[in-house]
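Each chain, written out:
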Amino acid sequence: TLFRSKTLLTTKYIEMKVLQKFILTAVLLLVFNSYSSQSKEYTELYNSITPKLQETAAIKQKFYGKEFSEFYKYLNNKGLKVIKLSYLSVPSNMKKINVLELNFLNDEQQYYAYKNKFAEPYIYIFLLDEIPQEIRAMVFNTHGFWNEDFAQFLSKLRIEKMEFYGLEGISNRYYTKPR
């Protein structure tokens, strides 16, 4: 009976080890598949956005001196959906807000790109007109997520110039020369 108990314990021990290895393998496969799926999703998203932004960058001078509403309408017609925005003052010591940053990724996508050192497409729009200070509260209240109120609020502001970033390939995150 002692031999039989030892054999039974040994068998249970082996079964537990096999089960542990099976669970570990399953977890690793799930993690790997999840990463592969996210990578594929981001690559598809990046490859759907950047050609349209590259085309836009090539004709950006067409919008210089024009109202933001005209450029925004063009983006919509191209199927480019603005997801987030922020604002800047250039030079940074000015109180006047005169630069918009338009982003085409949500927070999760931006974090994924950052974490994996992927490029993130975005546009800096330098405006001839000062952006009214109300933009601060609007961005704060929406956490920077774009909505049609922004399109209306910015519609009459005229574009001075634009710089496009993150268009030189998904793995070229640190490319600094704008288009």
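A brief report on the enclosed structure follows. Since the model is a prediction, treat every value here as computed from it, not as a measurement.

A short note on the pattern of salt bridges
One pass over the structure, following the stated rule, counts 6 salt bridges. Across the salt bridge formed by glutamate 44 and lysine 40, the nearest N and O atoms sit 3.6 Å from each other. With glutamate 44 and lysine 40 both in helix H1 (residues 2–58) and 4 residues apart, this pair spans about one turn of that helix. Judged by its relative accessible area of 47%, glutamate 44 falls in the partly exposed class. Owing to a relative accessible area of 54%, lysine 40 belongs among the exposed residues under this scheme. The closest approach of N and O atoms between lysine 156 and glutamate 67, which form a salt bridge, is 3.7 Å.

Let's talk about the layout of surface pockets
A volume near 160 Å³ is recorded for the largest pocket. When contributions to the lining of the largest pocket are tallied by element, the ones reaching two or more residues are H1 and helix H3 (107–115). For the lining of the largest pocket, the element with the most residues is H1, which contributes 4 residues. For the lining of the largest pocket, a count of residues per class yields 3 nonpolar, 3 polar and 2 charged.

Things to note about the pairing of strand E4 (residues 159–165)
A regular strand carries its side chains on alternate faces of the sheet. Burial within E4 is extensive, with 5 of its 7 residues counted as buried. Sheet analysis places strand E3 (residues 122–131) next to E4, joined by 6 bridges and oriented antiparallel. Its bridge partner lying in E4, isoleucine 123 is registered against phenylalanine 164.

Observations regarding the sheet that holds strand E2 (residues 97–103)
Strand order in the open sheet formed by 4 strands is E1-E2-E3-E4, with antiparallel pairing between adjacent strands. Here the strands that pair on one side only, and so sit at the sheet edges, are strand E1 (84–88) and E4. Each strand axis lies, on average, 25 degrees off the axis of its neighbour in the sheet, ignoring direction. Direction of pairing for E1 relative to E2: antiparallel, over a ladder of 5 bridges. Each residue of the ladder has a partner; that of tyrosine 87, found in E2, is leucine 100. Strands E1, E2 and E3 of the sheet are contacted by helix H4 (residues 134–142), whose axis makes an angle of about 145 degrees with E1.

Description of helix H2 (residues 68–77)
Every buried residue belonging to H2 is among Phe68, Phe71, Tyr72, Tyr74 and Leu75, and all of these are buried. Buried positions in H2, seen along its axis, are confined to an arc of 155 degrees and lie on one side of it. Turned more than 90 degrees off the buried face of H2, the exposed positions are Lys73 and Asn77. Phi turns positive, to about 80 degrees, at glycine 79, one or two residues after H2.

With respect to the packing of aromatic side chains
Counted under the stated rule, the structure contains 14 aromatic pairs. With 6.2 Å between their ring centres and 50 degrees between their planes, phenylalanine 68 and tryptophan 146 make a pair best called tilted. Of this pair, phenylalanine 68 sits in helix H2 while tryptophan 146 is found in the loop between H4 and helix H5 (148–154), placing the two residues 78 residues apart along the sequence. Given the relative accessible area of 0%, phenylalanine 68 is considered buried. Judged by its relative accessible area of 12%, tryptophan 146 falls in the buried class. Note on tyrosine 124 and tyrosine 165: the rings are 5.5 Å apart at their centroids and 65 degrees apart in plane angle, and the pair reads as edge-to-face. Here tyrosine 124 is found in strand E3, whereas its partner tyrosine 165 is found in strand E4, with 41 residues between them in sequence. Residue classification places tyrosine 165 among the buried positions, given a relative accessible area of 14%. An aromatic cluster of at least three residues, connected via ring pairs, comprises Tyr42, Tyr46, Tyr112 and Phe118. Between the NZ or CZ atom of lysine 84 and the centre of the ring of phenylalanine 145, over which it lies, the distance is 4.6 Å.

Rules behind the numbers
- Residues numbered from 1 in each chain as written.
- Predicted model: local features only at pLDDT ≥ 70, side-chain atom pairs only at ≥ 80, totals over all residues.
- Heavy atoms only, no water.
- Salt bridge = Lys/Arg side-chain N within 4 Å of Asp/Glu carboxyl O.
- Helix = DSSP H or I, 4+ residues; strand = E, 2+ residues; numbered from the N terminus.
- Buried < 20%, exposed > 50% of the residue type's maximum accessible area, 1.4 Å probe, protein only.
- 1 Å grid on protein atoms, 1.4 Å probe; cavity = no way out; pocket = protein on both sides within 12 Å on 5 of 7 lines; lining within 4 Å.
- Points joined across faces, edges and corners; volume = space filled by probe spheres on them.
- Nonpolar A, V, L, I, M, F, W, Y, C, P; charged D, E, K, R; others polar.
- Pairing = 2+ DSSP bridges.
- Axes fitted to C-alpha atoms, helices over the stretch in contact; angles between N-to-C directions.
- Contact = heavy atoms within 4.5 Å.
- Arc of directions from axis to C-beta.
- Phe/Tyr/Trp six-rings, centres within 6.5 Å; stacked < 30°, edge-to-face > 60°.
- Lys NZ or Arg CZ within 6 Å of the ring centre and 35° of its normal.

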